[in-house]
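Residues per chain are reported as follows:
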Amino acid sequence: MHRPYLTIDLDKMEHNARSVVRLCAALGIRVTGVTKAVCGHPRVAEAMIRGGVVSIADSRLENIHRLRAAGVRTAFMLLRLPPLSGVEDVVRLVDVSLNSELCVLEGLSRTAFRLGRRHDVVIMVDMGDLREGVWPRDVVPFLRRALRLRGIRVIGLGANLACFSGVAPGEENMRQFADLCRKCEQTFNIA
């Protein structure tokens, strides 16, 4: 019986990562490599790191655990909204998580504070994809509450497009998102 298999050329993976990192660096953008399509395969992550990515992201905690257990040394990001029941694992395994629920942020805050850690969070904004995020009109009050929590640090806003409902990134929704980011920076004197 033949089993399906996937062949990954690690040299090409490293080369591609290096090319993307170089292009993005010219614009002041740092790149995170994503291993979710390869189930957090450590050799793929290491190839991307050699290519210059600053961190690795995955949508599954078990994949991040696999990477850590294999000795991959970098910062890790969880690409999925963490469940309230998983805040302990999130704080222990990842450096950054995406969030849009205040009760989860409060749980991350309590856990990080108890463990003597700081956990970085990106607040997700729903820009029309209807997948995840705080509605744009609710971001300022949501952020006001999030910034008061101990143990976490809000490092930015994020949006998910071209995923669930197929809303593609375009000039208008990107302008709206950029305007919202500027409004938050001005309201809370953050950059």
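Anyway, here's the lowdown on the structure attached to this text. (Residues numbered from 1 in each chain as written. Predicted model: local features only at pLDDT ≥ 70, side-chain atom pairs only at ≥ 80, totals over all residues. Heavy atoms only, no water.)

Moving on: the overall build of the chain. On a plain count of helices and strands, the chain comes out with seven helices and six strands. Of the regular secondary structure in the chain, the N- to C-terminal order runs α-β-α-β-α-β-α-β-α-β-α-β-α. For the chain, whose C-alpha radius of gyration is 18 Å, the value lies close to the compact-globule estimate of 16 Å for 191 residues. For the chain, the C-alpha atoms occupy an extent of roughly 55 × 40 × 35 Å along the three principal directions. Pairs at least 24 apart in sequence give 53% of the contacts found in the chain among residues at least 6 apart. Surface exposure of the chain reaches about 11,400 Å², of which carbon and sulfur atoms provide 53%. Taken as two groups, the 28 positive and 20 negative side-chain charges of the chain have centres that lie 5 Å from each other. (Helix = DSSP H or I, 4+ residues; strand = E, 2+ residues; numbered from the N terminus. Rg over C-alpha atoms; globule rule 2.2 N^0.38 Å. Contact = heavy atoms within 4.5 Å. Areas by Shrake-Rupley, 256 points an atom, 1.4 Å probe, with all protein chains shown as cover. Lys, Arg positive; Asp, Glu negative; His and termini not counted. Charge placed at Lys NZ, Arg CZ, Asp CG, Glu CD.)

It is worth spelling out the sheet that holds strand 1 (residues 32-34) at this point. Taking strand neighbours across the sheet as the criterion, the six strands line up as 1-2-3-4-5-6 in an open arrangement whose pairing is parallel. Edge positions in the sheet fall to strand 1 and strand 6 (152-159), since each has one partner strand and no second. Adjacent strand axes in the sheet meet at a mean angle of 25° when their direction is disregarded. In this structure, strand 2 (residues 55-58) lies alongside strand 3 (residues 75-78), joined through four bridges in parallel fashion. Residue pairing in the sheet places Ala57 in a bridge with Met77 of strand 3. Set on the sheet, helix 7 (residues 171-188) makes contact with strand 5 (119-125) and strand 6; between it and strand 6 the angle comes to about 155°. (Pairing = 2+ DSSP bridges. Axes fitted to C-alpha atoms, helices over the stretch in contact; angles between N-to-C directions.)

What follows is about the packing of helix 5 (residues 102-114) against helix 6 (residues 139-146). In a pair of packed helices, the angle between the axes and the distance between the axes together describe the arrangement. Where helix 5 contacts helix 6, the axes come no closer than 11 Å and their chain directions differ by 20°. Put simply, helix 5 runs roughly parallel to helix 6. The handedness of the crossing between helix 5 and helix 6 comes out as right-handed. Contacts between helix 5 and helix 6 involve Leu102, Leu105 and Glu106 on the former and, on the latter, Phe142, Arg145 and Ala146. Taken together, the residues of the contact of helix 5 with helix 6 break down into four nonpolar, no polar and two charged. (Parallel < 35°, antiparallel > 145°, perpendicular 65-115°, else oblique. Left-handed = near helix turned anticlockwise from the far one by under 90°. Nonpolar A, V, L, I, M, F, W, Y, C, P; charged D, E, K, R; others polar.)

What follows concerns the nonpolar core. In this structure, Val94, Leu105, Leu108, Ile123 and Leu157 are the most contacted members of the largest nonpolar core, which totals 47 residues. If sequence neighbours within four positions are ignored, Leu105 has contacts with Asn99, Val121, Ile123, Phe142, Ala146, Leu149 and Ile152. Ranked by size, the runner-up nonpolar core spans six residues in total, among them Ala57, Met77, Val96 and Val122. (Core = buried A, V, L, I, M, F, W, Y, C linked by side-chain atoms within 4.5 Å. Buried < 20%, exposed > 50% of the residue type's maximum accessible area, 1.4 Å probe, protein only.)

Here we take up the packing of aromatic side chains. For the structure shown, the criterion picks out zero aromatic pairs. Positioned over the ring face of Phe113 is Arg150, at 3.7 Å from the centre of the ring. (Phe/Tyr/Trp six-rings, centres within 6.5 Å; stacked < 30°, edge-to-face > 60°. Lys NZ or Arg CZ within 6 Å of the ring centre and 35° of its normal.)

With that out of the way, let us pick up the environment of Val134. Within the secondary structure layout, Val134 lies in the loop between strand 5 and helix 6. Considering only alpha carbons, one finds Val134 and Ile123, eleven residues apart in sequence, at a separation of 7.8 Å. Not counting the four nearest positions on each side in its chain, Val134 is found in contact with Ser100, Ile123, Met124, Val125, Asp126, Val139 and Phe142.

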